[in-house]
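Analysis of the macromolecular model
Listed below are the residues making up each chain.
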Amino acid sequence: MIDVTAPTRFLSVLDFGPAELSACLSLAAELKAARAARRAHERPLTGQHVALLFEKPSLRTRSTFQIAVRELGGDVIEPPQDVVLGGRESIADVARNLERWVSIAVVRTFAQARLEEFASAAPRLRVVNALTDEEHPCQALADALTLIERFGELSDRTIAFVGDGNNVARSLAQAVIMLGGHVRIASPAGYELPPAAVAEIRNCAANGGTIEVTDDAAAAAGGADAVYTDVWTSMGQEAETATRIQLFAPYQVNSTLMSLAAPGALFMHCLPAHRGDEVTDEVIDSPASVVFDQAENRLHAQKALLAMLG
Ligand code: CP
Ligand code: NVA
């Protein structure tokens, strides 16, 4: 069953091409079906250890990686936060130590450059981005799996992201456009995805995928097949919370905004949600909401990713 290979690192969705992304999502769907049927599958991490290195809090990513590794036959080590990435010794030295003990490192950190530095120092280590300030590619795998489960092909579908032009927006856009879908991102001025990131996303479009950037939430949501949002203040930006709450208020996903989307449109959120800020209870708890499917799919998508890397 597990016969697809991948690059040796997954620091970004862009480490995959469209064929590898589709292969990963197909394998994720197979592993999901096998788990639901309690059917045994291959355990390609048997005898291997995976290090989980987290510099920021996590419920979903940490839990789903722990379960994924164990279900693939491997075991995890979780060094405490005060020794993981550069406080006690250099990032490169941490990587060079881990390379001698484990086969895969799953890393959540701040700047993407820290992750790149870690990965470059240990070329034999397979490295996975578990969220940086700039990208959240494992989330994008789960989001793409969720969209494909609902829509099949994405080539005639529009996904609107309303809110901060952040890590989740960037990785989502990369995955959707690589699958031939259409992305609209609405953010307030000054909080858009950087133009270089938009150009990079456009460059990886396949099968007619497109991206549009606007500051108009209603225009982005209008006729969209899914409306996605994320927190207005990401981890590490807490000092900006008050300013952001004021600025982002017109970007709240509420019933009025959802009423502009296509009939039956999905509501998506990576979680954790700040209910009453970026999304109302009414929307996140509505039948349109697939947020817990997304959370479940973190597990299946990451099992597929680890199987490809392992
Ligand atoms: N969506 C997500 O990455 O959740 P955690 O921060 O809880 O891992
Ligand atoms: N943009 C959020 C995502 C959390 C999963 C953050 O970086 O905090």
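Every value quoted in this text rests on a predicted model; they were computed, and no experiment measured them.

1. Some details on the overall build of the protein chain
- When you go through the protein chain residue by residue, the secondary structure sums to 13 helices and 10 strands.
- Every one of the 310 residues in the protein chain was classed for burial, and the buried ones make up 56%.
- At a minimum sequence separation of 6, the contacts of the protein chain that also span at least 24 residues come to 77%.
- Accessible surface, the protein chain: about 12,300 Å² in total, of which carbon and sulfur atoms supply 51%.
- Taken together, the 26 basic and 39 acidic charged side chains of the protein chain have centroids lying 7 Å from each other.

2. A few points about helix α1 (residues 18-36)
- In this model, α1 (19 residues) spans 27 Å end to end at C-alpha, consistent with the 27 Å of a helix rising 1.5 Å per residue.
- If you check which residues of α1 are buried, you get Leu21, Ala23, Cys24, Leu25, Leu27, Ala28, Leu31, Lys32 and Ala34.
- Where α1 is buried, its residues touch α6 (137-151), α7 (167-178) and α13 (291-309).
- Among the residues trailing α1, Arg38 stands out with phi positive, at a value near 50°.

3. Points about helix α4 (residues 91-98)
- Those residues of α4 lying buried are Ile91, Ala92, Val94, Ala95 and Leu98. Within α4, the buried residues cover an arc of 160° as seen down the axis, which keeps them to one side.
- Looking at the buried positions of α4, the neighbouring elements they touch are β2 (49-54), β3 (75-77), α3 (81-84) and α5 (112-121).

4. Focus: the domain arrangement of the protein chain
- For the protein chain, the domain assignment lists domain 1 (9-135 + 298-309) and domain 2 (139-295).
- Between the C-alpha centres of domain 1 and domain 2 the distance comes to 24 Å.
- Both faces considered, domain 1 and domain 2 share a buried interface measuring about 2,200 Å² in area, 69% of it formed by carbon and sulfur atoms.
- Among the residues of domain 1 in contact with domain 2, Leu14, Arg60 and Arg298 are the three that bury the most area, contributing 28% of the side total.
- The interface formed by domain 1 and domain 2 includes one salt bridge.
- Taken together, the links from domain 1 to domain 2 amount to seven residue pairs in polar contact (both at pLDDT 80 or more).
- Among the elements of the structure, α1, α2 (60-71) and α13 are those that each provide at least two residues to the side of domain 1 that touches domain 2.
- A per-element tally of the side of domain 1 that touches domain 2 places α1 first, with eight residues.

5. A closer look at the packing of α1 against α13
- At a minimum axis separation of 8 Å, α1 and α13 run at an interaxial angle of 120°. Judged by the angle between their axes, α1 and α13 are oblique. As α1 runs across α13, the sense of the crossing is right-handed. Across the interface between the two elements, Glu20, Cys24, Leu27, Ala28, Leu31, Lys32 and Arg35 of α1 pack against Glu296, Asn297, Leu299, His300, Ala301, Lys303, Ala304, Leu305, Ala307 and Met308 of α13.
- Looking at the contact of α1 with α13, its residues break down into 10 nonpolar, two polar and five charged.

6. Some details on the side chain of Asn297
- Examined against the element boundaries, Asn297 turns out to sit in helix α13.
- Polar side-chain contacts of Asn297 include one of 2.8 Å to the side chain of Lys32.
- Leaving out residues up to four positions away in the same chain, Asn297 has contacts with Lys32, Ala142, Leu145, Thr146 and Glu149.

7. Section: the site of ligand 1
- Around ligand 1, the surrounding shell consists of Ser58, Leu59, Arg60, Thr61, Arg108, His136, Gln139, Cys270, Leu271 and Arg298.
- Contact distances for ligand 1 include 2.9 Å between an oxygen atom and a side-chain N or O atom of Arg108.
- Cys270 has a polar backbone atom sitting 2.9 Å from a nitrogen atom of ligand 1.
- For ligand 1, whose unbound accessible area comes to 260 Å², protein coverage reaches 96%.
- Residues belonging to the shell around ligand 1 are distributed by class as follows: three nonpolar, four polar and three charged.

8. Thoughts on the packing of α6 against α13
- Orientation of α6 relative to α13, taken along the N-to-C sense of each, is 110°, at an axis distance of 8 Å. One finds that α6 runs roughly perpendicular with respect to α13. Of the two elements, α6 crosses α13, and the hand of that crossing is right-handed. Across the interface between the two elements, Cys138, Gln139, Leu141, Ala142, Asp143, Leu145, Thr146, Glu149 and Arg150 of α6 pack against Asp293, Gln294, Asn297, Arg298, His300, Ala301, Gln302 and Leu305 of α13.
- Looking at the contact of α6 with α13 residue by residue, the class counts come to six nonpolar, six polar and five charged.

9. Describing the site of ligand 2
- For ligand 2, the full set of nearby residues is Leu131, Asn166, Asn167, Val168, Asp230, Val231, Ser234, Met235 and Leu271.
- Asp230 is positioned such that a nitrogen or oxygen atom in its side chain is 2.7 Å from a nitrogen atom of ligand 2.
- Within the complex, the protein chains bury 95% of what would otherwise be the 270 Å² of accessible surface of ligand 2.
- Of the residues belonging to the shell around ligand 2, the class tally is five nonpolar, three polar and one charged.

Reading guide: rules and limits
Residues numbered from 1 in each chain as written. Chains lettered and ligands numbered in written order. Predicted model: local features only at pLDDT ≥ 70, side-chain atom pairs only at ≥ 80, totals over all residues. Heavy atoms only, no water. Helix = DSSP H or I, 4+ residues; strand = E, 2+ residues; numbered from the N terminus. Buried < 20%, exposed > 50% of the residue type's maximum accessible area, 1.4 Å probe, protein only. Contact = heavy atoms within 4.5 Å. Areas by Shrake-Rupley, 256 points an atom, 1.4 Å probe, with all protein chains shown as cover. Lys, Arg positive; Asp, Glu negative; His and termini not counted. Charge placed at Lys NZ, Arg CZ, Asp CG, Glu CD. Expected span 1.5 Å × (residues − 1). Arc of directions from axis to C-beta. Domains from an automatic or database assignment. Buried area = accessible area lost by both parts, 1.4 Å probe. Salt bridge = Lys/Arg side-chain N within 4 Å of Asp/Glu carboxyl O. Polar contact = N/O pair within 3.5 Å; in protein donor to acceptor, adjacent residues only side chain to side chain. Axes fitted to C-alpha atoms, helices over the stretch in contact; angles between N-to-C directions. Parallel < 35°, antiparallel > 145°, perpendicular 65-115°, else oblique. Left-handed = near helix turned anticlockwise from the far one by under 90°. Nonpolar A, V, L, I, M, F, W, Y, C, P; charged D, E, K, R; others polar. Near = heavy atom within 4 Å.

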